[in-house]
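Now for the letters of each chain:
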Amino acid sequence: MGCRCPGCVDAHVQESRERRRALAEERFTAEQRQRVLELTAQGTSVAQAAQEVGVTIGQVYGRATWDLVFSEAFDEAGWTSCALGSDHPLCSTPAGYRGNERGLEPRPACRGTGCREWRRGMAQRERATAAAG
């Protein structure tokens, strides 16, 4: 069973985090990360970029949740995939994220940085509301 005192639990959490991140580094190398950033900046979807370098989309987004340097570079590269343009009033809104395939001015669903950030924030709020309720 082991000790469950706060100090032991904290040490275990830290050791587990370090081990998982070392594995993540082996499975998604700096060269692969750089290539994903380059492809994304050229307008390639994240899913296609991940597949091309031999990682999963979960590894890309997972890395972006804890690696702040990669996260910032990834968000910057992601602006190129903005369907509306970062200065458009619908950028970073529900309408921008969902798109409008059948309207008078059809447009694809946006997965650019602003809309991803909006969706990420909404998902966090939805999870917090579900946990509280």
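So, a few notes on the structure that sits alongside this text.

Thresholds, definitions, all that
Residues numbered from 1 in each chain as written. Predicted model: local features only at pLDDT ≥ 70, side-chain atom pairs only at ≥ 80, totals over all residues. Heavy atoms only, no water. Core = buried A, V, L, I, M, F, W, Y, C linked by side-chain atoms within 4.5 Å. Buried < 20%, exposed > 50% of the residue type's maximum accessible area, 1.4 Å probe, protein only. Helix = DSSP H or I, 4+ residues; strand = E, 2+ residues; numbered from the N terminus. Contact = heavy atoms within 4.5 Å. Salt bridge = Lys/Arg side-chain N within 4 Å of Asp/Glu carboxyl O. Expected span 1.5 Å × (residues − 1). Arc of directions from axis to C-beta. Phe/Tyr/Trp six-rings, centres within 6.5 Å; stacked < 30°, edge-to-face > 60°. Axes fitted to C-alpha atoms, helices over the stretch in contact; angles between N-to-C directions. Parallel < 35°, antiparallel > 145°, perpendicular 65-115°, else oblique. Nonpolar A, V, L, I, M, F, W, Y, C, P; charged D, E, K, R; others polar. Polar contact = N/O pair within 3.5 Å; in protein donor to acceptor, adjacent residues only side chain to side chain.

**Describing the nonpolar core**
Core analysis: the biggest nonpolar cluster contains 14 residues, and Phe 28, Val 36, Val 55, Val 60, Phe 70 and Phe 74 have the highest contact counts within it. Counting residues per element, the ones that place at least two in this core are helix H2 (30-41), helix H3 (46-53), helix H4 (57-66) and helix H5 (68-78). Here the element with the most residues in this core is H3; it accounts for four residues. Those residues in contact with Phe 74 that sit more than four places away from it in its chain are Leu 37, Thr 40, Val 46, Val 60, Tyr 61, Ala 64, Thr 113 and Arg 116. Counting six residues, the second-largest nonpolar core is a separate cluster that includes Cys 82, Cys 91, Tyr 97 and Trp 118.

**Remarks on the pattern of salt bridges**
With the rule as written, the count across this model stands at six salt bridges. Across the pair Glu 25 and Arg 33 runs a salt bridge whose closest N-O atoms are separated by 3.4 Å. Look at the salt bridges and you will find they share partners, linking Glu 25, Arg 33, Arg 63 and Asp 67 into a network.

**A closer look at H2**
The terminal C-alpha atoms of H2, which comprises twelve residues, lie 16 Å apart, in line with the 16 Å expected from a rise of 1.5 Å per residue. Among the residues of H2, those classed as buried are Gln 32, Arg 33, Val 36, Leu 37, Leu 39 and Thr 40. Looking straight down H2, one finds that the buried residues subtend no more than 165° of arc, so they occupy a single side. Those residues of H2 that are buried are in contact with helix H1 (6-27), H3, H4 and H5. Count one or two residues on from H2 and you reach Gly 43, which has phi positive near 100°.

**Quick look at the packing of aromatic side chains**
Under the counting rule described, the total for this entry stands at three aromatic pairs. Aromatic pair Phe 28 and Phe 70: ring centres 5.8 Å apart, planes at 85°, arrangement edge-to-face. Taken together, the residues span a long stretch of sequence, with Phe 28 in the loop between H1 and H2 and Phe 70 in helix H5 at a distance of 42 residues. Here the two residues Phe 28 and Phe 70 agree in accessibility, since each one is buried. Ring geometry for Phe 70 against Phe 74: centres 5.6 Å apart, planes inclined by 10°, an arrangement best described as stacked. Of the two residues, Phe 70 and Phe 74 are both situated in helix H5; the distance of four residues between them amounts to about one turn of the helix. Classification of Phe 70 as buried rests on a relative accessible area of 4%. Phe 74 gets classed as buried once you look at its relative accessible area, which sits at 1%.

**Considering the packing of H5 against helix H7 (residues 113-132)**
For the pair H5 and H7, interaxial distance at closest approach is 7 Å and the crossing angle is 125°. Between H5 and H7, the crossing angle belongs to the class labelled oblique. Contact residues: H5 offers Phe 74, Asp 75, Glu 76 and Gly 78, while H7 offers Thr 113, Arg 116, Glu 117 and Arg 120. When grouped by side-chain class, the residues that make up the contact of H5 with H7 number one nonpolar, two polar and five charged.

**As for the environment of Thr 40**
Structurally, Thr 40 is set in helix H2. Exposure remark for Thr 40: the relative accessible area of 1% places this residue in the buried category. Thr 40 sits ten residues away from Ala 50 along the chain, and the two C-alpha atoms are 9.4 Å apart. Thr 40 has contacts with Val 46, Ala 49, Phe 74, Ala 77, Gly 78 and Thr 80, leaving out every residue within four places of it along the chain. A polar atom in the side chain of Thr 40 sits 2.8 Å from the backbone oxygen of Val 36.

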